[in-house]
2 protein chains.
Amino acid sequence: MKYAFGVDIGGTTVKLGLFDETCNVLEKWEIPTVTADGGKQIIPDVAESVLAKMQEKGIAKEDVIGVGVGAPGAVNKDGVMIGGAVNLGWGVTDLKGDLEKLLGGVRVCAANDANVAAFGEMVAGGGRGYEDVVAVTLGTGVGGGVILGGKLLAGSAGAAGEIGHIRIEDRETEYCNCGHQGCLEQYASATGIARLARRRLAEDDAPSSLREIPAEKITAKDVFDAVKAGDAVADEIAKRFGDYLGKGLAVVANVVNPQVFVLGGGVSKAGEVLLSYVRPAYEKYVFGPCKNAKITLAQLGNDAGIYGSAGMVTRGL
Amino acid sequence: MKYAFGVDIGGTTVKLGLFDETCNVLEKWEIPTVTADGGKQIIPDVAESVLAKMQEKGIAKEDVIGVGVGAPGAVNKDGVMIGGAVNLGWGVTDLKGDLEKLLGGVRVCAANDANVAAFGEMVAGGGRGYEDVVAVTLGTGVGGGVILGGKLLAGSAGAAGEIGHIRIEDRETEYCNCGHQGCLEQYASATGIARLARRRLAEDDAPSSLREIPAEKITAKDVFDAVKAGDAVADEIAKRFGDYLGKGLAVVANVVNPQVFVLGGGVSKAGEVLLSYVRPAYEKYVFGPCKNAKITLAQLGNDAGIYGSAGMVTRGL
């Protein structure tokens, strides 16, 4: 029996998983991410944890197909984080090379964490059975991963799938974290939806259960909970969100024409109701032949990263 | 010596080329496109022309690597025109299968004409030496082709690279040919630039050499000629065009992050001045890591299609 490891390096914890050769998870665990001192302990900690698990399970090096790793930043085709990783304290880091050295030659495959999570959803989640998949993570920000022909698209500067920073609104006055104005992330992320809610509520005095919450504390979850309870103002907010996201997906479809969009991240926990707002907007804006793309919800939650990183290895990418 | 044929089926003529195995053109010719009767003669005419050239040159079937064909419509991975081709009178057509039958088993590779032209520019034109290339054809409409890792992206419905129909303007009142409003094509095509010119001229009475031309006859060429002559109003029009196209390219970069954009089609004949309007807008709108993409002009003109279709064959796609 052959094995693969999936590693998902986040700002506070590193998630790890031991998988069999067809990408079924056998065991999951976590270690803390030590970002102190420029995060220089992170890669050695990952290596130690993987080697310890191999020893614990009696797995020989030659039975490990490889170790897949996702990390928060742009990763090029050679597995180098060319822009570093702010959340980890890293400057330019040869993630693949450094980890391979510490693992004594076990093959390492590294990619951007959002891309890896996208890949996980294709391997074992909402995009299962498809090979042209765009996964969109609706969290604090909006990330994305583009998979074409079953392969993750890194992009020439490791920046493919940065769909959160597609300019979607010309009339925005506030700035996105990236420095631009009108990015999709400003409307479709959890924080973006909360902002849309505050803006809508400030427009008039229409009654809404959302007014019972202090404006600065309204969350995306509050909005969709109110939608489910039949709140008309929340419905309007969700429509604005859906319009922006649907328009963003339409743009993406016009470029890469995927079979399926998989929506994940915290916002997607709202469930099927989310799709009912995104789908009509997508169909309204997309070029005809792309209209039939499926839009579905992610299924793996926080495990998408370890599935995807292990999947890169088991699928020989 | 091995040979390849490149075929570019247009609405009025079919361009053909005989190439050597490294995609150097040996001979070029044209035949008329007979669109009468549902265009049923087109594929037989192409087959006859290819077979006649082989006979003329004494080329044996086993020395032909294959025949590449580009046609105006969505072509799926199996070489089928799934939506037909309005300009040729075709309904759903098995372009690859039908042509292979008539050629007695010579391998045929078929793709959308804009995609094929994009591929040509990568093989032998403005994108030479790169493998992640987005080519944009600024003609009567705006077409595009996405090449990733040296391979043409068809898209799940044959509609990848339809960047002319990215929605780029929310305030448009006129309709695009596709039925939507605010498509990139409405501003960056030859007709789009003429429209921008008419709109700008109607805004006030600012002096401009463009006013000497009847409004309905102004062309994109007139605009860029006036720009080169220092006309201030033409400069404003070109800035509006550049802003739309730069924004469109930025969106594309955020999705697939190419190394280079190659701008072709009639509008690109304006030359380097075009880039001086597109580049600043691109840099203004694009996500940081994508900023370094090159933006360059196409070099093959109307031959891009035959180079690209032959290139699909010589590169073994």
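Asks: Mind laying out the nonpolar core, listing which residues take part and the relevant values?
Replies: Generally speaking, nonpolar side chains in soluble globular proteins are found buried as a group. With 113 residues, the main nonpolar core has Phe241(A), Phe224(B) and Phe241(B) as its most contacted residues. Other than its neighbours up to four places away in sequence, Phe224(B) contacts Ile193(B), Ala238(B), Phe241(B), Val267(B), Ala270(B), Val273(B), Leu274(B) and Tyr277(B).

Asks: Give a detailed account of helix α2 (residues 95-102) of chain B, specifying residues and quantitative values.
Replies: Within α2(B), the full set of buried residues consists of Leu95(B), Gly97(B) and Leu99(B). One or two positions beyond α2(B), positive phi appears at Gly104(B), with a value near 65°.

Asks: Please set out the relation of the copies chain B and chain A residue by residue, giving values where relevant.
Replies: When chain B is brought onto chain A, the operation consists of a screw motion whose angular component is 180° and whose axial shift is 0.0 Å, with 0.0 Å RMSD remaining. Viewed as a symmetry operation, the transformation between the two copies matches a two-fold axis. Mapped onto chain A, 98% of the interface residues of chain B again fall at the interface, so both copies present the same surface.

Asks: Can you explain the domain arrangement of chain A? Please cite residues and give values.
Replies: Residues and elements named next belong to chain A. Domain annotation for chain A reports domain 1 (3-124 + 303-314) and domain 2 (133-298). When each unit is reduced to the centre of its C-alpha atoms, the spacing between domain 1 and domain 2 is 29 Å. Contacts between domain 1 and domain 2 engage 13 residues on the former and 15 residues on the latter. Buried surface at the junction of domain 1 and domain 2, summed over both partners, amounts to about 1,100 Å²; 68% is from carbon and sulfur atoms. Sorting the residues of domain 1 by area buried against domain 2 places Asn115, Glu121 and Met122 first, and these three jointly supply 42% of that buried surface. Where domain 1 packs against domain 2, one counts zero salt bridges. Linking domain 1 with domain 2 are zero residue pairs in polar contact (both at pLDDT 80 or more), by the criterion used here. Per-element tally for the side of domain 1 that touches domain 2: the top contributor is helix α3 (residues 113-124), with seven residues. Each residue belonging to the side of domain 1 that touches domain 2 can be placed in one class, and the counts come to 10 nonpolar, one polar and two charged.

Asks: Before we move on, can you summarise the confidence of the model for chain A with the specific residues and values?
Replies: Any segment with low pLDDT has predicted coordinates that should not be analysed in fine detail. Taken as a whole, chain A shows an average pLDDT of 95; of its residues, 100% reach a score of 70 or greater. For this predicted complex, the interface confidence score (ipTM) comes to 0.87, while the overall pTM stands at 0.88.

Asks: Break down the state of the cysteines for me, with residues and values.
Replies: Inspection of the entire model under this criterion finds zero disulfides over all chains. The thiol of Cys176(A) is unpaired, and the distance to the nearest cysteine sulfur, on Cys183(A), comes to 3.8 Å. Judged by its relative accessible area of 7%, Cys176(A) is buried. Cys109(B) takes part in no disulfide bond, and the closest cysteine sulfur, belonging to Cys23(B), lies 12 Å away.

Asks: Report on the sheet that holds strand β5 (residues 108-112) of chain B, specifying residues and quantitative values.
Replies: Residues and elements named next belong to chain B. Pairing is mixed in the open sheet, where five strands are placed in the order β3-β2-β1-β4-β5. The sheet is open, and its two borders are formed by β3 (25-32) and β5, each paired with just one other strand. Between one strand and the next, the sheet's axes are offset by a mean angle of 15°, whatever the strand orientation. Pairing between strand β1 (residues 3-9) and strand β4 (residues 64-71): six bridges, direction parallel. Bridging across to β4, Ala4 finds its partner in Gly66. Across the sheet, helix α1 (residues 42-57) touches β1, β2 (13-20), β3 and β4, and the angle it forms with β3 is around 145°. Sheet strands in contact with α2 are β1, β4 and β5, and its direction is about 150° off that of β5.

Asks: Please give an account of the environment of Val233(B) that cites residues and values.
Replies: Residues and elements named next belong to chain B. Mapped onto the elements, Val233 comes out in helix α7 (residues 232-256). Measuring from C-alpha to C-alpha, the distance between Val233 and Leu201 comes to 7.8 Å, with 32 residues separating the pair along the chain. Apart from the residues within four sequence positions on either side, Val233 is in contact with Arg200, Leu201, Ala206, Pro207 and Ser208.

Asks: Kindly report on unusual backbone geometry, identifying the contributing residues and their values.
Replies: Backbone geometry at Cys23(A) places phi at a positive 70°, although glycine is not the residue there. Of note in this structure, Asn257(B) is not a glycine but carries a positive phi near 45°.

Asks: A description of the interface of chain B and chain A should follow, citing residues and the corresponding values.
Replies: At the junction of the two partners, chain B supplies 41 residues and chain A supplies 40 residues. Roughly 3,100 Å² is buried in total at the junction of chain B and chain A, and carbon and sulfur atoms are behind 57% of that figure. On the surface where chain B and chain A come into contact, there are eight salt bridges. Between Lys247(A) and Asp170(B) there is a salt bridge whose closest N-O contact spans 2.8 Å. Put simply, chain B and chain A have 26 residue pairs in polar contact (both at pLDDT 80 or more) between them. Counting residues per element, the ones that place at least two in the side of chain B that touches chain A are β7 (142-148), α7 and α8 (272-285) of chain B. At seven residues, the largest contribution of residues to the side of chain B that touches chain A is made by α7(B). Looking at the side of chain B that touches chain A residue by residue, the class counts come to 22 nonpolar, nine polar and 10 charged.

Asks: Kindly report on the pairing of strand β6 (residues 133-138) of chain A, identifying the contributing residues and their values.
Replies: All names here are of chain A. Summarising burial for β6: five of the six residues are buried, a large majority. Alignment of β6 against strand β7 (residues 142-148), held across six bridges, turns out to be antiparallel. Within β7, the position partnered with Ala135 by the bridge is Gly145. Hairpin geometry of β6 and β7 is characterised by an intervening segment of three residues between the two adjacent antiparallel strands. For β6 and strand β9 (residues 260-264), the ladder comprises five bridges, and the chain directions are parallel. Across the sheet, Ala135 pairs through a bridge with Val262, a residue of β9.

Asks: I'd like a rundown of the pattern of salt bridges, residues and numbers included.
Replies: Residues and elements named next belong to chain A. Taken as a whole and judged by the stated rule, the model has 53 salt bridges over all chains. Note that Lys96 and Glu100 form a salt bridge whose closest N and O atoms lie 3.1 Å from each other. Here Glu100 and Lys96 lie together in helix α2 (residues 95-102), a separation of four residues that amounts to about one turn. The partly exposed category is assigned to Glu100, whose relative accessible area is 21%. Measuring nitrogen to oxygen at the nearest pair gives 2.9 Å for the salt bridge that ties Glu169 to Arg171.

Asks: Account for the environment of Ser156(B), naming residues and giving values.
Replies: Structurally, Ser156(B) is set in the loop between β8 (151-152) and α4 (185-188). In sequence terms Ser156(B) and Lys77(B) are 79 residues apart; their C-alpha atoms lie 8.0 Å from each other. If we skip the residues at most four places from it in the chain, Ser156(B) touches Asp132(A), Asn257(A), Pro258(A) and Gln259(A). For Ser156(B), the side chain forms a polar contact with the main-chain oxygen of Pro258(A), separated by 3.1 Å.

What counts, and at which threshold
Residues numbered from 1 in each chain as written. Chains lettered and ligands numbered in written order. Predicted model: local features only at pLDDT ≥ 70, side-chain atom pairs only at ≥ 80, totals over all residues. Heavy atoms only, no water. Core = buried A, V, L, I, M, F, W, Y, C linked by side-chain atoms within 4.5 Å. Buried < 20%, exposed > 50% of the residue type's maximum accessible area, 1.4 Å probe, protein only. Contact = heavy atoms within 4.5 Å. Helix = DSSP H or I, 4+ residues; strand = E, 2+ residues; numbered from the N terminus. Least-squares fit on C-alpha atoms with pLDDT ≥ 70 in both. Domains from an automatic or database assignment. Buried area = accessible area lost by both parts, 1.4 Å probe. Salt bridge = Lys/Arg side-chain N within 4 Å of Asp/Glu carboxyl O. Polar contact = N/O pair within 3.5 Å; in protein donor to acceptor, adjacent residues only side chain to side chain. Nonpolar A, V, L, I, M, F, W, Y, C, P; charged D, E, K, R; others polar. pLDDT = per-residue confidence, 0-100. Disulfide = S-S within 2.5 Å. Pairing = 2+ DSSP bridges. Axes fitted to C-alpha atoms, helices over the stretch in contact; angles between N-to-C directions.

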